[in-house]
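Single-letter residue listing:
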Amino acid sequence: LGLAGVSCAAAQSVVQPSETTMVRQQLVKYGERTTFLGTMGRIYKAEGARGLYRGIEAALLREMSYSTLRFGLYEPLRDAMNDTPAANVGLLGEQWAPVVRIAKRAFAGCAAGGIASAIASPTDLLKVRAQSDTALPVPGLMTYVRRIAGQPGGPIMPFYEGVSATISRAVVLGATKMVTYNEVKDALKRNPDHPDPSKRPAEWQLYVPGSYGWRDGDWRAMGHEAAPHEAEKLTLVFLTSVAAGLAITITTSPITNARTHIMAHPGRFSGFPSALIHVGREYGFRGYFRGFAAQWARFGPYALVQFICWEKLRSVAGLPGI
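Residues numbered from 1 in each chain as written. Predicted model: local features only at pLDDT ≥ 70, side-chain atom pairs only at ≥ 80, totals over all residues. Heavy atoms only, no water.

### Details of a nonpolar patch on the surface
There is a patch of nonpolar side chains on the surface, built from L91, L92, W96 and V99 and spanning about 420 Å² of accessible area. Within the fold, W96 resides in the loop between helix 4 (85-92) and helix 5 (97-132). Classification of W96 as partly exposed rests on a relative accessible area of 45%. (Patch = residues over 30% accessible without salt bridge, like charges linked within 9 Å, V, L, I, M, F, W, Y side chains within 5 Å. Areas by Shrake-Rupley, 256 points an atom, 1.4 Å probe, with all protein chains shown as cover. Salt bridge = Lys/Arg side-chain N within 4 Å of Asp/Glu carboxyl O. Helix = DSSP H or I, 4+ residues; strand = E, 2+ residues; numbered from the N terminus. Buried < 20%, exposed > 50% of the residue type's maximum accessible area, 1.4 Å probe, protein only.)

### Digging into the packing of helix 3 (residues 56-80) against helix 5
For the pair helix 3 and helix 5, interaxial distance at closest approach is 8 Å and the crossing angle is 165 degrees. When the axis of helix 3 is compared with that of helix 5, the two are roughly antiparallel. Viewed along their axes, helix 3 and helix 5 form a crossing whose handedness is right-handed. Classifying every residue of the contact of helix 3 with helix 5 gives 16 nonpolar, five polar and six charged. (Axes fitted to C-alpha atoms, helices over the stretch in contact; angles between N-to-C directions. Parallel < 35°, antiparallel > 145°, perpendicular 65-115°, else oblique. Left-handed = near helix turned anticlockwise from the far one by under 90°. Nonpolar A, V, L, I, M, F, W, Y, C, P; charged D, E, K, R; others polar.)

### Describing empty space enclosed by the protein
Empty space among the atoms becomes apparent when a probe as large as a water molecule is rolled across them. Going through the model one piece at a time under the given rule, you end up with one cavity of 30 Å³ or more. Taken as a whole, the largest cavity encloses approximately 50 Å³ of empty space. Surrounding the largest cavity, R62, Y66, R70, R169, L173, K177, I248, R298, F299 and Y302 form its lining. Residues of the lining of the largest cavity, tallied by class, amount to five nonpolar, no polar and five charged. (1 Å grid on protein atoms, 1.4 Å probe; cavity = no way out; pocket = protein on both sides within 12 Å on 5 of 7 lines; lining within 4 Å. Points joined across faces, edges and corners; volume = space filled by probe spheres on them.)

### Here's the deal with the packing of helix 7 (residues 163-188) against helix 10 (residues 292-316)
One way to put it is that helix 7 packs onto helix 10 with a least axis distance of 13 Å and a crossing angle of 60 degrees. Classified by the interaxial angle, the pair formed by helix 7 and helix 10 is oblique. Judged by the sense of rotation from one axis to the other, the crossing of helix 7 with helix 10 is right-handed. Counted together, R169, L173, K177, M178, Y181 and K185 of helix 7 and R298, F299, Y302, A303, Q306, F307, W310 and E311 of helix 10 form the full contact between these two elements. Among the residues forming the contact of helix 7 with helix 10, the class breakdown is eight nonpolar, one polar and five charged. (Contact = heavy atoms within 4.5 Å.)

### Points about the environment of A244
As for its position among the elements, A244 is in helix 8 (residues 230-264). Residues A244 and A87, 157 residues apart in the sequence, show an inter-C-alpha distance of 26 Å. Those residues in contact with A244, other than ones at most four positions away along the chain, are K177, T180 and Y181.

### A short note on the side chain of D124
Residue placement: D124 occurs in helix 5. Taking relative accessible area as the criterion, D124 reaches 2% and is therefore assigned buried. The contacts of D124, once residues within four sequence positions are left out, are R62, T166, R259 and M263.

### Quick notes on the side chain of Q205
Note that Q205 resides in the loop between helix 7 and helix 8. Engagement of the side chain of Q205 in a polar contact is seen with the backbone nitrogen of A202, the distance being 2.9 Å. (Polar contact = N/O pair within 3.5 Å; in protein donor to acceptor, adjacent residues only side chain to side chain.)

### Focus: the layout of surface pockets
The space that makes up the largest pocket amounts to roughly 970 Å³. P85, R101, R105, D186 and K199 are, among the 33 residues lining the largest pocket, the residues nearest its centre. Secondary-structure elements contributing two or more residues to the lining of the largest pocket are helix 3, helix 4, helix 5 and helix 7. The element contributing the most residues to the lining of the largest pocket is helix 5, with four residues. Across the lining of the largest pocket, the residue classes tally to 11 nonpolar, seven polar and 15 charged. Estimates place the volume of the second largest pocket at around 510 Å³. If you go around the second largest pocket, you meet 17 residues; those closest to its centre are E32, R33, T34, R286 and R290. Here the element with the most residues in the lining of the second largest pocket is helix 10; it accounts for three residues.

### Examining the pattern of salt bridges
This model, assessed by the stated rule, comprises 23 salt bridges. Where salt bridges share partners, they join E19, R62, E63, D124, K127, R259 and R298 into one cluster.

### Considerations on the nonpolar core
One broad rule of soluble globular proteins: the nonpolar side chains tend to lie buried together. Counting 16 residues, the largest nonpolar core has F71, Y74, M178, Y181, Y302, F307 and W310 as its most contacted members. Where this core is concerned, the elements lending two or more residues are helix 1 (2-26), helix 3, helix 5, helix 7, helix 8 and helix 10. (Core = buried A, V, L, I, M, F, W, Y, C linked by side-chain atoms within 4.5 Å.)

As structure tokens, this is what we get:
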């Protein structure tokens, strides 16, 4: 749990400007043209570097609670379901073993994300409120704590505004990110000479150079004769992180847009569905993917820094790779 939290906090420190830009883009009025770099430049010009790092205190609190639980619980939940080749084959047969494997990993990701977001939703709200604010000088974290606590229903319940959207997003994100990371990484590590058919590359991979044969900490189990160099291990993490980052940007963008509107406009929406409908009516289908470049600029580097740090910390602590 601790290693996951530290790696996520490091990643968030890198991508905070991209996330602040994303929130601002998602809140731009319909018809106004906006780009990722243009929005980031306007924030920097008007508010300085501190403006790009609005909400960093809440963001780090979120990473040390939400992300610690989301990623720290995933592996124990996955292993509790006995996610091994033999067990997956034994459940529904060899033909359905890949589906069983993905289903187990998806369930572990969904459960870990849902539990973590339900607990840490207040930190998400604080972060979005700070990022959507344009007041100068930049207010501190306690300013938003007092404002939210003073809303109707306070001092506790207002902190859970948008919790349904937060949980929905976390469930989708948790399943997408960890399943994509595990599946892509496993596919890249397949060895054509392995005696176990489940650890050999798919037929299409044999026609794509570089899509199999990568070595990691489990190189012996994958049938490789030599240990990997550090550069190969880092490149493997880079490739899997890029794939995971793109996948979660695509799957979570509609929910992220709805969540931003809920949290930036207190009391305006009756719940997650009404915010989702509002985004569609106000901005059209493309509105669900507003700020896509900013989201990718956040998720891609986040996944890269997080997984590199996490894998390295696990190696130092004597734990196997993810």
